[in-house]
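Secondary and tertiary structure notes
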Amino acid sequence: MIKKELDFDEVLLYLEKLPFNKFKEVVYHYSTHTKANFESELEDMISLNFQQRIQKLKINNSCPKCNSVSIIKYGKRKRIQRYLCNDCNTRFTLFTGTILEKTKWHWDIWIAVLNMTINSFSLKKMEDILIKDYGCIGINHKTLFLWKHKLIHTIASLPMPKLSGVIQVDETFIRESQKGSRSLVSYLGKGEERKPRYGRKPSKFGVMGSEFATVTTAIDNRGYSVSKVACLGKLTTELFTTLFEEYLFDPSYICSDANSVYEQYCKAFNVAHYIRPSNYLSVLYNNGYDTPNYSHPSQAKDTEEKNKKVLESLYGNNMIDYISNRGVKTYNEFTELKTLNRLSLARVNELHADIKDYIYGHMVNVSTKYLQDYIGFFTYIRNWRVTNGNYPSSMKDTEQIFIDILKTKVKYTVADINKKELVLPKPSTRYIGILKAQTEKIRIATSNKYFKFDEEDGVKSFNRREYLLDQPKSKLYAICKNHDMKKYKKLAIYSLVSSILKLPDIENIVYELIVSDRHYKIANEDLEAIKSNAFKIQT
């Protein structure tokens with residue numbers, strides 16, 4: 001029987017099916033018999049192997065510059081096919097505009113590196129596996145960092161989903177980091193030095209200043225999410241709208257805490273808004289709410305009836321959760337809608353916990369200039385789990401993600417990584433100045449040296465009138481009663497606020513309102529710092 005000789009394309013097809021170690025053996029055998037340079041032949045065969053795979057995936061089957069399909073073959077260079085666009089005369093290969101330009105690593109190695117990146121392997125462990133299992137002699141820590149970041153950036157560039165139905169939104173905060181930078185920059189303005197942080201060191205002014213990156217998140221009841229690094233410090237309605245409008249597809253409800261940013265957005269776009277203040281539980285228990293003891297049925301029934309009256313009273317004064325932008329609703333109407341539509345913040349709180357665990361745990365902190373890449377990468381993998389029912393674990397899963405990467409045609413070079421700078425909206429110098437001054441005043445007034453403003457304090461611009469106008473009437477009436485003001489219930493809201501503003505202790509009144517709405521006295525970052533330094537909290 002006469003053996004059929006394989007042509008070159010058939011050899012390439014055969015090589016495509018081989019794992020990398022066998023692939024390398026065949027190339028070594030070929031280079032030995034032809035007396036060719038093994039390293040050069042291996043690199044060429046890897047490129048040809050990639051070219052064949054990309055061709056099957058129909059990547060770059062149109063001009064990468066003008067998208068014209070009027071293209072022709074235009075010779076070869078080192079066996080790699082080149083193309084010419086008849087419309088704009090652009091010359092290109094199938095690798096142009098992808099992360100595979102000038103690659104020397106085999107398909108299997110790319111899949112292995114991506115798989116280890118997805119599973120948060122350390123650079124040292126990745127290096128050991130690549131040398132031991134794939135023979136990547138000479139690969140080093142810096143090469144792997146750049147390679148890993150290239151993959152993370154490209155995945156972060158993949159489209160995020162459209163969210164629909166009931167959507168929960170909120171911010172979480174990641175401490176500003178300049179990890180890996182030789183010179184540190186202070187974003188707190190003149191006179192503030194940015195010193196290296198060793199161990200747990202709390203911020204000076206909290207999340208409304210520029211010491212934190214604000215990661216804004218949204219998640220719907222299917223579990224799909226969108227997360228964006230919005231800014232340093234305080235989020236604005238304009239910024240939230242710019243970043244999220246395209247992802248919020250005709251929501252039936254937006255659920256959030258009491259941050260006014262979301263209230264303003266819902267009013268502007270006529271969306272029903274479920275608001276659950278972060279001090280919800282403390283307000284309940286401070287006003288007589290109790291946990292029923294179901295081991296004594298009759299006693300539990302009495303407690304439930306008492307609890308219902310407490311809830312109705314607090315709801316009537318806008319002190320607990322409620323629905324805004326849909327007219328006035330009775331407590332029974334509200335609870336029915338809340339139950340029917342599963343209105344809560346549970347999903348977004350879980351998402352925040354996962355983000356913190358990923359950034360501070362798996363990644364051991366991330367430089368803020370790279371934070372959006374890591375948040376985008378995290379979001380893609382989490383959404384992949386929602387679509388597929390599990391996190392990508394097998395090499396087959398990883399290979400499908402790698403194909404998605406190639407189809408996006410995102411080009412990200414070493415030069416791009418090295419030139420990366422922090423480009424995020426920051427609070428103005430004037431705002432930081434006001435924040436500093438007001439923080440010092442409220443610390444003195446409340447005898448709380450740890451006080452820091454947060455996003456739920458309702459402080460938009462440190463304008464007292466604006467702040468008071470956002471307060472429920474019950475709180476304004478309580479102020480008037482405590483100051484023996486007359487006929488205050490007959491005043492319109494604007495006149496009522498004007499009267500309160502004339503009180504001599506107005507500054508302390510505002511501070512007391514802010515503090516009374518808190519469900520905590522000391523921020524978590526301060527508690528952690530105190531604990532780590534073995535200090536005792538004075539209560």
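Everything that follows concerns the structure shown earlier in this document.
Now for a look at the structure at hand. Remember, predicted model here, so these are calculated numbers, not experimental data.

Scoring rules and cut-offs
Residues numbered from 1 in each chain as written. Predicted model: local features only at pLDDT ≥ 70, side-chain atom pairs only at ≥ 80, totals over all residues. Heavy atoms only, no water. Salt bridge = Lys/Arg side-chain N within 4 Å of Asp/Glu carboxyl O. Helix = DSSP H or I, 4+ residues; strand = E, 2+ residues; numbered from the N terminus. Buried < 20%, exposed > 50% of the residue type's maximum accessible area, 1.4 Å probe, protein only. Disulfide = S-S within 2.5 Å. Polar contact = N/O pair within 3.5 Å; in protein donor to acceptor, adjacent residues only side chain to side chain. Pairing = 2+ DSSP bridges. Contact = heavy atoms within 4.5 Å. Axes fitted to C-alpha atoms, helices over the stretch in contact; angles between N-to-C directions. 1 Å grid on protein atoms, 1.4 Å probe; cavity = no way out; pocket = protein on both sides within 12 Å on 5 of 7 lines; lining within 4 Å. Points joined across faces, edges and corners; volume = space filled by probe spheres on them. Nonpolar A, V, L, I, M, F, W, Y, C, P; charged D, E, K, R; others polar. Phe/Tyr/Trp six-rings, centres within 6.5 Å; stacked < 30°, edge-to-face > 60°. Parallel < 35°, antiparallel > 145°, perpendicular 65-115°, else oblique.

1. Some thoughts on the pattern of salt bridges
This model, assessed by the stated rule, comprises 16 salt bridges. The shortest N-O distance in the salt bridge between R382 and D354 comes to 2.9 Å. Note that R382 is positioned in helix α13 (residues 371–388) and D354 in helix α12 (residues 346–362), a separation of 28 residues in sequence. The exposure class assigned to R382 is buried, which follows from its relative accessible area of 1%. For D457, the salt bridge is made with R518, and the minimal N-O distance between the two is 2.9 Å. With D457 in the loop between α16 (429–446) and α17 (464–469) and R518 in the loop between α20 (506–516) and α21 (524–532), this residue pair connects regions lying 61 residues apart in the sequence. Taken individually, D457 and R518 each receive the classification buried, so the pair is uniform in this respect.

2. Observations regarding the state of the cysteines
Scanning the model with the defined rule gives 0 disulfides in all. There is no disulfide at C66, and the cysteine sulfur nearest it, in C85, is 3.6 Å away. Residue classification places C66 among the partly exposed positions, given a relative accessible area of 35%.

3. With respect to the side chain of T117
Note on placement: T117 falls in helix α4 (residues 107–118). A polar atom in the side chain of T117 sits 2.8 Å from the backbone oxygen of V113.

4. Structural notes on the sheet that holds strand β2 (residues 80–85)
Ordered by their spatial adjacency, 3 strands build an open sheet running β1-β2-β3, and the pairing between neighbours is antiparallel. The sheet is open, and its two edges are formed by β1 (71–77) and β3 (91–92), each paired on a single side. By the bridge criterion, 5 bridges tie β1 to β2 in an arrangement that is antiparallel. Each residue of the ladder has a partner; that of I72, found in β2, is L84.

5. Some words on helix α8 (residues 260–269)
Looking at α8, one finds that the buried residues are S260, V261, Y262, E263, Y265 and C266. Those residues of α8 hidden inside the fold are in contact with β4 (163–175), β5 (212–220), α7 (237–244), β7 (248–256), β8 (272–275) and β9 (322–324). Two or three places before V261, at the opening of α8, N259 has a side-chain oxygen 3.1 Å from that residue's backbone nitrogen. Taken from the residues just after α8, N270 is the one with a positive phi, measuring 55°.

6. Overview of the sheet that holds β9
Taken in spatial order, the 6 strands line up as β6-β5-β4-β7-β8-β9 in an open sheet, and their pairing is mixed. At either end of the open sheet lies a strand with only one pairing partner, and these are β6 (225–232) and β9. Pairwise comparison of adjacent strand axes, ignoring direction, gives a mean angle of 30° for this sheet. In terms of strand pairing, β8 meets β9 through 3 bridges, oriented antiparallel. Within β9, the residue paired with Y274 across the bridge is I323. Lying over the sheet, α7 contacts β4, β5, β6 and β7, oriented at roughly 140° with respect to β6.

7. Some thoughts on unusual backbone geometry
The backbone of N67 shows a phi angle near 65°, a positive value even though the residue is not glycine. Turning to its location among the elements, N67 is positioned in the loop between α3 (38–56) and β1. One non-glycine residue, N270, lies in the positive phi region at around 55°. Mapped onto the elements, N270 comes out in the loop between α8 and β8.

8. Let's talk about empty space enclosed by the protein
Summed over all chains, the structure comprises 1 cavity of 30 Å³ or more. Together, E171, F173, V207, M208, T214, G233, K234, L235, N259 and E455 line the largest cavity. Across the lining of the largest cavity, the residue classes tally to 4 nonpolar, 3 polar and 3 charged.

9. Quick word on the packing of aromatic side chains
In total, this model carries 22 aromatic pairs according to the counting rule given. With centroids separated by 5.7 Å and ring planes inclined at 50°, the aromatic side chains of F50 and W107 adopt a geometry described as tilted. Separated by 57 residues along the polypeptide, F50 in helix α3 and W107 in helix α4 bring together distant segments of the chain. No difference in accessibility class separates F50 from W107, as the two residues are buried.

10. Structural notes on the packing of helix α10 (residues 297–316) against helix α11 (residues 331–340)
Running from N to C, α10 and α11 cross one another at 100°; their axes reach a closest spacing of 10 Å. It follows from the interaxial angle that α10 and α11 lie roughly perpendicular. The residues of α11 that touch α10, namely those facing K308, L311, E312 and Y315, are Y331, N332 and F334. Among the residues making up the contact of α10 with α11, the classes are represented as 4 nonpolar, 1 polar and 2 charged.

11. Quick look at the side chain of E192
Structurally, the position occupied by E192 is in the loop between β4 and β5. According to the relative accessible area criterion, E192 is buried, its value standing at 19%. At 3.3 Å, the side chain of E192 and the side chain of K436 are in polar contact. When sequence neighbours within four positions are dropped, the list of residues in contact with E192 reads S186, K204 and K436.

12. As for the environment of L281
If you trace the backbone, L281 turns up in helix α9 (residues 280–286). Taking the C-alpha atoms as reference points, L281 and R182, separated by 99 residues in sequence, lie 45 Å from one another.

That is the geometry; function is a separate question.
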